[in-house]
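Geometric and topological summary
These are the residues of each chain, in order.
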Amino acid sequence: SGIAYIRITRFGDDTENGFKDAVSEAVAKKARGIVLDLRNNPGGLLDTAVDAASLMLPSGKVVVIEENGAGKRDEMKARGGDVLSLLPTAVLINEGSASASEILAGALRDNRDNVTLVGKKSFGKGSVQQLISVSKDMSVKITVAHWLTPSGKQINTVGIAPDVEIGLSADDRQNNRDPQLDKALEIVKGKL
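Values in this document were obtained by computation on a predicted structure and should not be read as measured data. (Residues numbered from 1 in each chain as written. Predicted model: local features only at pLDDT ≥ 70, side-chain atom pairs only at ≥ 80, totals over all residues. Heavy atoms only, no water.)

Here the focus is the overall build of the protein chain. Secondary structure assignment for the protein chain yields 5 helices and 9 strands. Traced from its N-terminal end to its C-terminal end, the protein chain shows the element sequence β-α-β-α-β-β-β-α-β-β-β-β-α-α. Computed over the C-alpha atoms, the radius of gyration of the protein chain is 17 Å, within 12% of the 16 Å expected from 2.2 N^0.38 for a compact globule of 192 residues. The C-alpha extent of the protein chain, read off along each of the three principal axes, is 60 × 40 × 30 Å. Evaluated residue by residue, the protein chain yields a buried proportion of 47% over its 192 residues. A separation threshold of at least 6 residues defines the contact pool for the protein chain, and within that pool the share at least 24 residues apart is 74%. Carbon and sulfur atoms make up 49% of the accessible area of the protein chain, which amounts to about 9700 Å² in all. (Helix = DSSP H or I, 4+ residues; strand = E, 2+ residues; numbered from the N terminus. Rg over C-alpha atoms; globule rule 2.2 N^0.38 Å. Buried < 20%, exposed > 50% of the residue type's maximum accessible area, 1.4 Å probe, protein only. Contact = heavy atoms within 4.5 Å. Areas by Shrake-Rupley, 256 points an atom, 1.4 Å probe, with all protein chains shown as cover.)

Below, the discussion takes up unusual backbone geometry. The phi angle at N40 is positive, at roughly 60°, despite the residue not being glycine. Along the polypeptide, N40 turns up in the loop between β2 (33-37) and α2 (46-54). A relative accessible area of 49% places N40 in the partly exposed class. Look at S99: it is not a glycine, yet its phi comes out positive at around 55°.

Evaluation of the coordinates by the stated rule reveals 15 salt bridges. Across the pair R79 and D47 runs a salt bridge, and its minimum N-O distance is 3.2 Å. Taken together, the residues span a long stretch of sequence, with R79 in the loop between β4 (73-77) and β5 (89-93) and D47 in helix α2 at a distance of 32 residues. By relative accessible area, D47 is classed as partly exposed at 43%. (Salt bridge = Lys/Arg side-chain N within 4 Å of Asp/Glu carboxyl O.)

Right, let's get into the sheet that holds strand β8 (residues 138-148). Strand pairs in the sheet, formed through backbone hydrogen bonds, run parallel or antiparallel to each other. Strand order in the open sheet made by the 4 strands is β4-β3-β8-β7, with antiparallel pairing throughout. Each edge of the open sheet carries a strand with a single partner, namely β4 and β7 (127-135). Direction aside, neighbouring strands of the sheet carry axes that sit 30° apart on average. Pairing geometry for β7 and β8, over 8 bridges, is antiparallel. By the bridge assignment, V128 is partnered in β8 with A145. (Pairing = 2+ DSSP bridges. Axes fitted to C-alpha atoms, helices over the stretch in contact; angles between N-to-C directions.)

Bringing the environment of L104 into the picture now. Here L104 shows up in helix α3 (residues 100-111). Taking the C-alpha atoms as reference points, L104 and S133, 29 residues apart in sequence, are found 31 Å from one another. Contact partners of L104, with chain neighbours within four places excluded, come to I8, F11, L36, L38, A49, A52 and A53.

The sheet built from 5 strands is open, its strands ordered β1-β2-β5-β6-β9 with parallel pairing. With one partner strand each, in any of the chains shown, β1 (3-7) and β9 (164-165) form the two edges of the open sheet. Relative to β5, β2 runs parallel, the two sharing 4 bridges. Its bridge partner lying in β5, I34 is registered against T89. With respect to the sheet, helix α1 (residues 15-28) is in contact with β1 and β2, its orientation differing from that of β1 by roughly 175°. α3 contacts β2, β5 and β6 (115-119) of the sheet and is inclined by roughly 140° relative to β6.

Keep in mind that these numbers describe shape and distance, not what the molecule does.
See below:
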């Protein structure tokens with residue numbers, strides 16, 4: 001149907017090249033829409049999420065805002081390379097989508113009118129932590145900042161609510177049904 005399905009299971013060292021390959025294949029096959037599956041993605045490297053966003057957002061768009069305890073905000077922006085922002089997109093999220101996956105989902109929804117988030121509310125992991133050594137054998141992890149969506153909404157403990165909430169039951173899994181994916185495909189097809 002001309003809709004590319006891309007799943008990112010984590011944001012690791014190899015994710016950037018894998019995502020670029022998937023995007024290149026979608027473009028080569030003339031995809032007219034995208035379903036991006038971030039369900040159960042626990043996050044990972046922030047830079048990798050920004051790189052992924054850069055392929056889906058115009059250069060210079062805010063991907064995430066880092067706010068420290070004093071209220072100082074630093075923006076991380078899309079770095080260029082956008083090839084997907086004009087394509088209708090559905091992003092699948094759930095309770096297992098956390099950290100970098102929430103950043104990407106929030107960035108796409110806040111910056112594009114043709115993006116719909118589908119599934120269940122995300123985990124709500126949006127803190128920046130720093131490891132501080134207190135002795136030779138002991139360290140403490142301290143939260144030094146929080147991540148906000150481009151529109152300034154808190155991610156930490158709040159999560160990202162989908163535009164279309166739909167669950168996935170144990171019965172669905174046992175019978176190989178995926179109503180979340182079905183709904184995402186329906187939404188993208190409706191925008192073609």
